[in-house]
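For reference, the chains in residue letters:
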Amino acid sequence: MSTYFFYEDGQGNICDENGRDAMECEEEINPFHLKTLTRLRLYCEKQNTEQKDTEMEALDAEMEEIATNVKINSGRSYNNYTNDQKLLFVYYNRIKLFNAAKSGRLAGGVAERTAQK
């Protein structure tokens, strides 16, 4: 790979050291390995779909179990949130991409303003 230096010729045109137009310079080597990139992309897609499906199903089941435990054990107390409520809030907010208010409601009563902070 070679380095090219371009200059303005005083008339608003860009040219190299020899006075040739910048668009006339040709690259000797194709910098993009499209076949390799395509193969890697396909490989990653195949790997990710199989792993993500099983991981997401397991995570969803675990979060449903935690949500039922939070609903059973939830008592009204001011600004005292259990670790399970915090975990559920982060799960709904970061994984499921719900907004802060909805994530707080689903996490067992986290106050909306607290969830937005």
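Thresholds applied
Residues numbered from 1 in each chain as written. Predicted model: local features only at pLDDT ≥ 70, side-chain atom pairs only at ≥ 80, totals over all residues. Heavy atoms only, no water. Helix = DSSP H or I, 4+ residues; strand = E, 2+ residues; numbered from the N terminus. Buried < 20%, exposed > 50% of the residue type's maximum accessible area, 1.4 Å probe, protein only. Contact = heavy atoms within 4.5 Å. Core = buried A, V, L, I, M, F, W, Y, C linked by side-chain atoms within 4.5 Å. Patch = residues over 30% accessible without salt bridge, like charges linked within 9 Å, V, L, I, M, F, W, Y side chains within 5 Å. Areas by Shrake-Rupley, 256 points an atom, 1.4 Å probe, with all protein chains shown as cover. Salt bridge = Lys/Arg side-chain N within 4 Å of Asp/Glu carboxyl O. Polar contact = N/O pair within 3.5 Å; in protein donor to acceptor, adjacent residues only side chain to side chain.

Caption draft 1: Here's a closer look at the overall build of the protein chain. Along the protein chain, the regular secondary structure elements total 4 helices and 2 strands. Along its sequence from the N terminus, the protein chain presents helices and strands in the succession β-β-α-α-α-α. Taking all 117 residues of the protein chain together, 17% fall into the buried category. Across the protein chain, the fraction of contacts at a sequence separation of at least 24, relative to all contacts at a separation of at least 6, is 30%.

Caption draft 2: Fine view of the nonpolar core. In terms of nonpolar packing, the biggest core is built from 12 residues, these being Met-63, Ile-66, Ala-67, Val-70, Leu-88, Phe-89, Tyr-91, Tyr-92, Ala-100, Ala-107, Val-110 and Ala-115. Breaking this core down by element, the ones donating at least two residues are helix H1 (34-73) and helix H2 (83-95).

Caption draft 3: Spotlight on a nonpolar patch on the surface. On the surface, Tyr-4, Phe-6 and Ile-14 cluster together into a nonpolar patch covering about 260 Å² of accessible area. Structurally, Ile-14 is set in strand E2 (residues 14-16).

Caption draft 4: Here's a closer look at the side chain of Ser-103. Among the secondary structure elements, Ser-103 is positioned in helix H3 (residues 100-106). On the accessibility criterion, Ser-103 (0% relative accessible area) is buried. When residues no more than four places from it in sequence are discounted, the contact partners of Ser-103 are Phe-89, Tyr-92, Asn-93 and Phe-98.

Caption draft 5: Region of the structure containing the pattern of salt bridges. Evaluation of the coordinates by the stated rule reveals 2 salt bridges. As a salt-bridge pair, Asp-16 and Arg-20 come within 3.1 Å of each other at their nearest N and O atoms. Residue Asp-16 is classed as buried on the basis of its relative accessible area, which comes to 8%. Classification of Arg-20 as partly exposed rests on a relative accessible area of 42%. Across the pair Lys-96 and Asp-60 runs a salt bridge whose closest N-O atoms are separated by 3.4 Å. With a gap of 36 residues between them, Lys-96 in the loop between H2 and H3 and Asp-60 in helix H1 connect regions that are remote in the sequence. Among the residues examined, Asp-60 registers a relative accessible area of 22% and is labelled partly exposed.

Caption draft 6: Just the side chain of Asp-16, in detail. As for its position among the elements, Asp-16 is in strand E2. Only 2.8 Å separates the side chain of Asp-16 from the backbone nitrogen of Arg-20, close enough to count as a polar contact.

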